[in-house]
Amino acid sequence: MCFRPAAAESVPVCPHCGEKVPIMGGVVLKKCPHCKGDMPEISAAGAPSGAPGAPKAPGAPQAPGAPKAPGAPK
């Protein structure tokens, strides 16, 4: 079974006329078929192309320093 969140099946809406613009076969239209207005860049998943990606990876670990001198005997 495949469980998808509801947001994964969203259909982009034209910012000019408010009509839904279907994505068929992964092809995203550049102009609205209803009002012929320019559509913003949208990926096939429905998210804007400027959506943030994964966070940056942490930096490389540092090499350990020199060992400390032994303490005085007790």
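Further up the page is the structure itself.
All values derive from a computational prediction rather than experimental measurement.

Draft legend 1. Fine view of the overall build of the chain. Each helix and strand counted, the chain has zero helices and zero strands in total. Evaluated residue by residue, the chain yields a buried proportion of 9% over its 74 residues. Entry remark: accessible area of the chain is about 6600 Å², with carbon and sulfur atoms responsible for 62%.

Draft legend 2. Layout of the pattern of salt bridges. In this structure the tally under the stated criterion is one salt bridge. The salt bridge partner of Asp38 is Lys31, with a shortest N-O separation of 2.8 Å. Classification of Lys31 by relative accessible area gives partly exposed; the value is 47%.

Draft legend 3. The state of the cysteines, seen in detail. Here the structure, examined in full by the defined rule, presents zero disulfides. We note that Cys32 lacks a disulfide partner, and the nearest cysteine sulfur, in Cys17, lies 3.8 Å from it. Look at Cys32 and you get buried, because its relative accessible area is 1%.

Calculation criteria
- Residues numbered from 1 in each chain as written.
- Predicted model: local features only at pLDDT ≥ 70, side-chain atom pairs only at ≥ 80, totals over all residues.
- Heavy atoms only, no water.
- Helix = DSSP H or I, 4+ residues; strand = E, 2+ residues; numbered from the N terminus.
- Buried < 20%, exposed > 50% of the residue type's maximum accessible area, 1.4 Å probe, protein only.
- Areas by Shrake-Rupley, 256 points an atom, 1.4 Å probe, with all protein chains shown as cover.
- Salt bridge = Lys/Arg side-chain N within 4 Å of Asp/Glu carboxyl O.
- Disulfide = S-S within 2.5 Å.

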